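Residue-level structure breakdown
Chain residues, written in single-letter form:
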Amino acid sequence: MLGMEKKLSRRGFLRAFGIGAAVSALAACKPKVVEVTKVVEKVVKETVVVEKEKEKVVTKVVEKVVKQTVEVQKPAEELTGELIFWGHDQHPIDLVATGFVQRHPKVKWISPHPADRGQKFTAAMAAGSGCPDLFWAEATDAQTWGCNELLTDLTEELLPYKDDFHPLKLNETYIVKTGKYIGWPGDISVSGYYYRPDKFAELGYGDVDWENLTYDDFCLMSAEIAKKGHYTFCFPGDGWAALFMYALHQLGGTAVSKDGQKITVADEKGIQAMTIVKKLWDSGGGLDVSWWSAPYWGALQDGTLIGDFAAAWARGFWEAQIKTSEAGIGLWRIAPFPTGPGIKYRSGVWGGAQLVNPKCSKNKENAIAFMKYGFGTIEGAGLAGSWGIVPGYRPYLRSPLFLRMKSPVFGDWYFNEFWAKQEKELSTEFYRPAGWGAVNGIIQKEMVPILKGELSVEEGMKRIVELATPDFERTMCKL
Amino acid sequence: MSEALRRAHPIVRPPKPLWKQVAEHWIDYLFISPFFISFAVFALYPLAWAFQLSFSQWSGYGPMKYVGLENYRVMLKDPYIKQTLVNTLEFAYILLPTGIFLAISLAVILNIQDLWGRGIFRTIYFLPYVTNSVIVAIVFTQLFDDSLGWVNQALAAIGLPTVKWLRGSPWAAKTVVILLTHWGGVGYNILLFLGGLQSIEPEIYEAAMIDGANSWQIFWRITLPLLRPIIFFLTIIATIGLLNMFNQPYMLTRGGPRGATETLMLRLYDIGITQQRYGDASAFGFLIGALVITISLIQIRLQRRWMG
């Protein structure tokens, strides 16, 4: 028995392993066996039993989708080469591109929708290569990049169009430090109060005079409606800086001074704006869910949330969520923001990006031609506007293409007539320069103690300025 | 030189210079070089570059501006540094003892030889550790959602008041972050303790039982002292991990409500990634590193004393 117990030595193991590996390698190198597949036809007889359905009476809400036809004119000039755009999926700019490419068929449109676009764009600009030709930039980002001289100067291109845009949108593309315009105004981001008149009527508020409604009246009404289990706006329990920015805009205030050198949220208008927001909070009429989260849309669909403050571009999201009669399809309307003492404007801005061309772009001529087409012609703006944003180009805002637009959410109501009116309600005193993002972030973080009454509005706003100053000073555009 | 003298003073050859040693063993060095090359490229160089960056002001583009110790000064005066430090230490010193206690208790139970379904339980406890933390956080968000969460639905079903877990109360948000961290990490700790428990010789237990020791005495006098090296190792590793805590609060609360769950790493992310203040973020990173090293060194000294 002992003789049979043969131990495998290390050398023996290595030898065996080596032979095994060599055989495997040889096997891997041997010619591939060609498989011949014979195709055999098989006749299959199928008997399909069809059961006749019982007749059912189904009430179906038919969505009325309004299709717009935008006529594309012949090319004005011969452009060639590529045009690379970075933006999110299903972007309005991609719709503009369809018209642009028809005009300039020799231009190749490339739109990859990369994830983490902001970081990639910054990295590409830092490296000086791999940049897109067009980027959809938020106001404060464009201001930061413009301050660092990373974006193409569009002053000469934009000046002939100066009167075609609201001054607020032009301000957002203007860099005080360099005296240059670095972006082409895109979405106007004008805002209003979305609401369901049918629900308000059901709750005993069918005759609200929205044109003259004050914040005090709105808060009283919201408190009464909340008692009945319905909410007139969304106010997340951990704060909502957008409401403060809306109120500040309405009062003719600004969070950061025009030259971007000073935080101004603790001035008289800032204090008044936060007082309005606190009144909204105290009314209890705000639904405490995260903004645009699943519970938010659920509340909107089942009629618990019967209104909210939102930008014009929110229409696309409303259209995606409001599909049934219970959700009020076709019944929604928009009103100007409430008024009150000191209020100068009945609207506000939230979001609202612009088109920029980085200096490292390789197809500048194409990019500028695209900007002029997309947001400097009724045709291009119409294509962008059909997505849901409101291009700021005023001739488009006055055109029937814009004014006669319909949406399933608003039924037969020409909702854009309202937005055209609201455009005139935008402030000329509200700025979002570099550093604004840091201030907005601190307001979001630190507004709850004020709302809960742990700090007075004055103390709270002073504290916000103190806390925001280090971040602001490190992100502002120093003159 | 006489033989006696040679024995008294053996000849000591001077060590060979490094280049000679390398030349002699170049094949050996060649084999270990991939690690050192990748370490130098992906760890050492970025670390050195970040250190240089911590003395500069830079937003990711344009030339770097040398500012000396200014970034460190700004970061030490940051209005959120105190709150984030307190939050981080709070998490670390709640999670550390409770985590070790939980892991030891479960490991002892799972080490019982005739426990039914021992293997299944071990797998179940280890599963969260290998599950993607993002998925785990999504599940927790669903569980603790203020309106639609299962926990609140259950509380409402039995007539108890619901809690705004993630966006309302600071203590509730902290509790959820602690639960998630325990849930994700306890499996790994159990595994380590099980390894330790199985390395204890059964003869020691037998001797103790013969001497009349009861189960509690055996655990307290034999098991726990013999697990000291593992407790020591885990305390150091877990402290480092917890002081660098980011995933759980980022995915559950983004640091809210009112900064109650904002850790040092979340603040670092805000400064570096959101605000693109790379110089400040580098300085802050090195300050956090210094803190972690200091706390770890203190722990090592204290534990060495404890272990005798």
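All figures in this text were calculated on a predicted structure; none of them were measured in a lab.

Looking only at helices and strands, chain B features 15 helices and two strands. Taken over C-alpha atoms, the radius of gyration comes to 26 Å for chain B, far larger than the 19 Å a tight globule of 308 residues would show. By the burial criterion, 26% of the 308 residues in chain B qualify as buried. Pairs at least 24 residues apart make up 68% of the contacts formed inside chain B by residues separated by at least 6 positions.

Attention now moves to the sheet that holds strand S1 (residues 81–86) of chain A. All names here are of chain A. On the basis of which strands lie adjacent, the open sheet formed by five strands has the order S2-S1-S3-S12-S6 and mixed pairing. Of all strands in the sheet, those with a lone pairing partner are strand S2 (107–110) and strand S6 (183–185), marking the two edges. On average, each strand axis in the sheet is inclined to that of its neighbour by 25 degrees, with strand direction left out of account.

On to the interface of chain A and chain B, then. Listed as interface residues are 19 residues of chain A and, on the opposing side, 20 residues of chain B. Among the secondary structure elements, those contributing two or more residues to the side of chain A that touches chain B are helix H3 (117–127), helix H11 (294–301), helix H18 (436–446) and helix H20 (457–475) of chain A. For the side of chain A that touches chain B, the class distribution of residues is eleven nonpolar, four polar and four charged.

All right, on to the environment of Val136 of chain B then. Counting through the fold element by element, Val136 of chain B comes out in helix H7 (residues 133–143). Along the chain, Val136 of chain B and Gly184 of chain B lie 48 residues apart, while their C-alpha atoms are 8.0 Å from each other.

Residues and elements named next belong to chain A. If you check the domain split of chain A, you get domain 1 (81–189 + 352–403) and domain 2 (191–348 + 430–475). Relative placement of domain 1 and domain 2: their C-alpha centres are 28 Å apart. Counting residues at the interface gives 15 residues for domain 1, matched by 14 residues for domain 2. Looking at the side of domain 1 that touches domain 2, the elements with two or more residues in it are helix H4 (139–147) and helix H6 (167–172). Residues of the side of domain 1 that touches domain 2, tallied by class, amount to seven nonpolar, six polar and two charged.

Residue and element names in this part refer to chain A. Ordered by their spatial adjacency, three strands build an open sheet running S10-S7-S11, and the pairing between neighbours is antiparallel. One side of each edge strand has no neighbouring strand; the edge strands of this open sheet are strand S10 (307–311) and strand S11 (333–335). Along the sheet, successive strands turn relative to each other by an average axial angle of 35 degrees, direction set aside. Relative to S10, strand S7 (residues 191–195) runs antiparallel, the two sharing five bridges. Across the sheet, residue Gly192 finds its bridge partner in S10, namely Ala310.

A residue-level look at chain B finds 96% of positions with pLDDT of 70 or above and a mean pLDDT of 89. Confidence estimates for the predicted assembly give a pTM of 0.80 and an ipTM of 0.76.

Time to look at the environment of Ile300 of chain B. Residue and element names in this part refer to chain B. Tracing the sequence through the fold places Ile300 in helix H15 (residues 278–307). On the basis of neighbour counts, which here come to 13 C-beta atoms within 10 Å, the residue Ile300 falls in the partly exposed class. For the pair formed by Ile300 and Ile236, sequence separation is 64 residues and the distance between their alpha carbons is 7.5 Å.

What follows concerns helix H10 (residues 202–210) of chain B. Of all nine residues in H10 of chain B, zero are buried; the element is thus mostly exposed. Count one or two residues on from H10 of chain B and you reach Gly212 of chain B, which has phi positive near 90 degrees.

Okay, the nonpolar core next. Counting 133 residues, the largest nonpolar core has Leu243, Phe244, Ala247, Val277 and Val439 of chain A as its most contacted members. When near neighbours in sequence (up to four residues on either side) are disregarded, Leu243 of chain A contacts Val277, Leu280 and Phe309 of chain A. Core analysis: the next-biggest nonpolar cluster, separate from the first, contains 41 residues, Ala103, Ala173, Val176 and Leu242 of chain B among them.

The rules we used
Residues numbered from 1 in each chain as written. Chains lettered and ligands numbered in written order. Predicted model: local features only at pLDDT ≥ 70, side-chain atom pairs only at ≥ 80, totals over all residues. Helix = DSSP H or I, 4+ residues; strand = E, 2+ residues; numbered from the N terminus. Rg over C-alpha atoms; globule rule 2.2 N^0.38 Å. Buried ≥ 20, exposed ≤ 12 C-beta atoms within 10 Å, placed from the backbone. Contact = placed C-beta atoms within 7 Å. Pairing = 2+ DSSP bridges. Axes fitted to C-alpha atoms, helices over the stretch in contact; angles between N-to-C directions. Nonpolar A, V, L, I, M, F, W, Y, C, P; charged D, E, K, R; others polar. Domains from an automatic or database assignment. pLDDT = per-residue confidence, 0-100. Core = buried A, V, L, I, M, F, W, Y, C linked by C-beta atoms within 7 Å.

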